[in-house]
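Tertiary structure, described
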Amino acid sequence: MIVCHCANVTDRDIRAAIDAGATSIKAVIRATGAGRCCAPCRDEIGGILAGSTAVENADARARRAAL
């Protein structure tokens, strides 16, 4: 499904960016270009990030490293 019509970025593109290490909306924007021209798709990017196990794993590693 296309998430960002301005940049023609799909949910698969966003998931690939997350799998490659993007753990924030800004990081996904940098990696894919989605959300750069206008902001409506940023909520959808955030939803995909929230449902990503890659981001959860990165957050868990960061919490463990802080201990």
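Whatever comes next refers back to the structure up there.
Below is a short write-up of the structure. In this text, all values refer to a predicted model and were calculated from it rather than measured experimentally.

Points about helix 3 (residues 42-50)
- Burial in helix 3 covers these residues: Ile45, Ile48 and Leu49. The buried residues of helix 3 occupy an angular sector of 100° when projected down its axis, which confines them to one face. Exposed residues pointing more than 90 degrees away from the buried face of helix 3 are listed as Asp43 and Ala50.

Digging into the state of the cysteines
- Taken as a whole, this structure holds zero disulfides when the rule is applied.
- With no disulfide of its own, Cys4 lies 3.8 Å from the sulfur of Cys41, the closest cysteine sulfur.
- The buried category is assigned to Cys4, whose relative accessible area is 3%.
- No disulfide involves Cys6; its sulfur sits 3.4 Å from that of Cys38, the nearest cysteine.

What about the side chain of Asp11?
- If you trace the backbone, Asp11 turns up in helix 1 (residues 11-19).
- Under the relative-accessibility criterion, Asp11 is labelled buried at 15%.
- Reaching out from Asp11, the side chain makes a polar contact with the backbone nitrogen of Met1 at a distance of 2.9 Å.
- Among the polar contacts made by the side chain of Asp11, one reaches the side chain of Arg15 at a distance of 2.8 Å.

Quick notes on the rules
- Residues numbered from 1 in each chain as written.
- Predicted model: local features only at pLDDT ≥ 70, side-chain atom pairs only at ≥ 80, totals over all residues.
- Heavy atoms only, no water.
- Buried < 20%, exposed > 50% of the residue type's maximum accessible area, 1.4 Å probe, protein only.
- Helix = DSSP H or I, 4+ residues; strand = E, 2+ residues; numbered from the N terminus.
- Arc of directions from axis to C-beta.
- Disulfide = S-S within 2.5 Å.
- Polar contact = N/O pair within 3.5 Å; in protein donor to acceptor, adjacent residues only side chain to side chain.

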